[in-house]
Amino acid sequence: EAQVTQNPRYLITVTGKKLTVTCSQNMNHEYMSWYRQDPGLGLRQIYYSMNVEVTDKGDVPEGYKVSRKEKRNFPLILESPSPNQTSLYFCASQPDSRISGELFFGEGSRLTVL
Amino acid sequence: GQSLEQPSEVTAVEGAIVQINCTYQTSGFYGLSWYQQHDGGAPTFLSYNALDGLEETGRFSSFLSRSDSYGYLLLQELQMKDSASYFCAVRPYSSASKIIFGSGTRLSIRP
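Here's a quick rundown of the structure. (Residues numbered from 1 in each chain as written. Chains lettered and ligands numbered in written order. Predicted model: local features only at pLDDT ≥ 70, side-chain atom pairs only at ≥ 80, totals over all residues. Heavy atoms only, no water.)

**Some words on the packing of aromatic side chains**
For the record, the criterion: Planes of paired rings set the category: under 30 degrees apart is stacked, over 60 is edge-to-face and the rest tilted, where pairs are Phe, Tyr or Trp rings (Trp by its six-membered ring) whose centres lie within 6.5 Å. Under the scheme used here, helices are H or I runs from DSSP no shorter than 4 residues and strands are E runs no shorter than 2 residues, and both carry numbers assigned from the N terminus. Throughout this description, buried means an accessible area under 20% of the type-specific maximum (1.4 Å probe, protein chains only), exposed means over 50%, and partly exposed covers the range between.
Evaluation of the coordinates by the stated rule reveals 13 aromatic pairs over all chains. Consider the rings of tyrosine 31 of chain A and tyrosine 48 of chain A, whose centres lie 6.3 Å apart with planes at 25 degrees: the pair is stacked. In this pair, tyrosine 31 of chain A is assigned in strand E4 (residues 31-38) and tyrosine 48 of chain A in strand E5 (residues 42-51), connecting sequence segments 17 residues apart. Overall, tyrosine 48 of chain A belongs to the buried group, its relative accessible area being 6%. Aromatic pair tyrosine 35 of chain B and phenylalanine 101 of chain B: ring centres 5.7 Å apart, planes at 55 degrees, arrangement tilted. Of this pair, tyrosine 35 of chain B sits in strand E4 (residues 29-37) while phenylalanine 101 of chain B sits in strand E10 (residues 100-101), and the two are 66 residues apart along the sequence. Here the two residues tyrosine 35 of chain B and phenylalanine 101 of chain B agree in accessibility, since each one is buried.

**Some points on the sheet that holds strand E7 (residues 65-66) of chain A**
The test is simple: In this analysis, strands are considered paired if DSSP registers two or more bridges between them.
Spatially, the 4 strands line up as an open sheet ordered E1-E3-E8-E7 (chain A), and their pairing is antiparallel. Each having just a single partner strand, strand E1 (4-7) and E7 of chain A make up the two edges of the open sheet.

**A short note on the sheet that holds strand E8 (residues 70-75) of chain B**
All names here are of chain B. Stated precisely, the cut-off is as follows: Structural elements are reduced to axes, namely lines fitted to C-alpha atoms, with helices fitted over the stretch in contact, and the angle between N-to-C directions of any two is expressed from 0 to 180 degrees.
Spatially, the 5 strands line up as an open sheet ordered E1-E3-E8-E7-E6, and their pairing is antiparallel. Whereas interior strands pair on both sides, the edge strands pair on one side only; in this sheet they are strand E1 (3-5) and strand E6 (53-57). The mean inter-strand angle of the sheet, taken between neighbouring strand axes irrespective of direction, is 20 degrees. In this structure, strand E7 (residues 60-65) lies alongside E8, joined through 6 bridges in antiparallel fashion. Within E8, the residue paired with serine 65 across the bridge is tyrosine 70.

**Observations regarding the interface of chain B and chain A**
Counted only if it meets this: Any pair of residues with heavy atoms lying within 4.5 Å of one another is described as a contacting pair. A 1.4 Å probe defines the accessible area here, and the buried area is the portion of it lost by two parts on being joined, summed over both. In protein, a polar contact requires one atom able to donate a hydrogen and another able to accept it; more generally it is a pair of N or O atoms within 3.5 Å, and residues adjacent in sequence count only if both atoms are side-chain atoms. Lys, Arg, Asp and Glu make up the charged group, whereas Ala, Val, Leu, Ile, Met, Phe, Trp, Tyr, Cys and Pro make up the nonpolar group; the residues left over, Gly among them, are polar.
Contacts between chain B and chain A engage 19 residues on the former and 24 residues on the latter. Of the roughly 1,700 Å² buried between chain B and chain A on both sides combined, carbon and sulfur atoms contribute 55%. When the area that chain B buries against chain A is broken down by residue, the three leading residues are Ser97, Lys98 and Phe101 of chain B, summing to 29%. Seen at the junction of chain B and chain A, the total is 4 residue pairs in polar contact (both at pLDDT 80 or more). Looking at the side of chain B that touches chain A, the elements that each hand over two or more residues are E4, strand E5 (44-49) and strand E9 (84-92) of chain B. A per-element tally of the side of chain B that touches chain A places E4 of chain B first, with 4 residues. Tallied by class, the residues present in the side of chain B that touches chain A amount to 10 nonpolar, 7 polar and 2 charged.

**Let's talk about the nonpolar core**
Put simply, the rule is: Think of a nonpolar core as a cluster: buried Ala, Val, Leu, Ile, Met, Phe, Trp, Tyr and Cys residues, connected wherever their side-chain atoms sit within 4.5 Å.
The biggest cluster of nonpolar side chains holds 23 residues, and the ones touching the most others in it are Leu32, Trp34, Leu75, Tyr86 and Leu107 of chain B. When contributions to this core are tallied by element, the ones reaching two or more residues are strand E2 (9-13), strand E3 (18-25), E4, E7, E8, E9 and strand E11 (105-110) of chain B. Core analysis: the second largest hydrophobic core is formed by 19 residues, Met27, Tyr64, Phe74 and Leu111 of chain A among them.

**Observations concerning the state of the cysteines**
Spelled out, the test is: When two cysteine sulfur atoms lie within 2.5 Å, the pair is treated as a disulfide.
Under the counting rule described, the total for this entry stands at 2 disulfides over all chains. Put simply, cysteine 23 of chain A and cysteine 91 of chain A are joined by a disulfide, and their sulfur atoms are 1.9 Å apart. Residues cysteine 23 of chain A and cysteine 91 of chain A share a disulfide whose torsion about the S-S bond is about -75 degrees; that sign makes it left-handed. One end of the pair, cysteine 23 of chain A, is in strand E3 (residues 19-25); the other, cysteine 91 of chain A, is in strand E9 (residues 87-94), with 68 residues separating them in the sequence. Residue cysteine 23 of chain A shares its accessibility class with cysteine 91 of chain A, and that shared class is buried. Paired by a disulfide, cysteine 22 of chain B and cysteine 88 of chain B hold their sulfur atoms 2.1 Å apart.

What follows is the structure in structure tokens.
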């Protein structure tokens, strides 16, 4: 089954404790991206990746890091989480960044930073 | 700047037709997409307009007019399960790897 898988789905952590949210897709998609969703603000792009070893900042990259060492994986790293990073996070992938209109989303990771 | 405007909330009656508008201020983009998101769920793709005009997929249709900087999603024969949030999104020419989403429209269906 074609899918984007995120882990963990739910996490409660404390300020400053490093965490990683994993994202994996099995569709051989080149393009992957991370979004955060907050009430009233819609989906805001954090980072994106055009292909292996190619990543770039989205609109709200502060406090986040990513890596793309393999085509299927695109982890989101919070080196020192803060309460303002409490949010719902979505990973998404797409076959080609320019042509296809369809993004495939993971099920989401709800993060709470105390 | 680049922005997409949507009404925050729309209410409609079961069986009726509803139109969700998306107006944008962005200089050129590849196409307009629509996504549906139920509470607690992930956004799922509904439609994509690469060209001006109407695209129909079952009960859902989407329209784009680049000259009017306007698009809409039309939902017909509304069902209770259509209660969800709907987002429009574009990929601008100026930054093809970024995708800009509207803030979403929450659609509530009344019996």
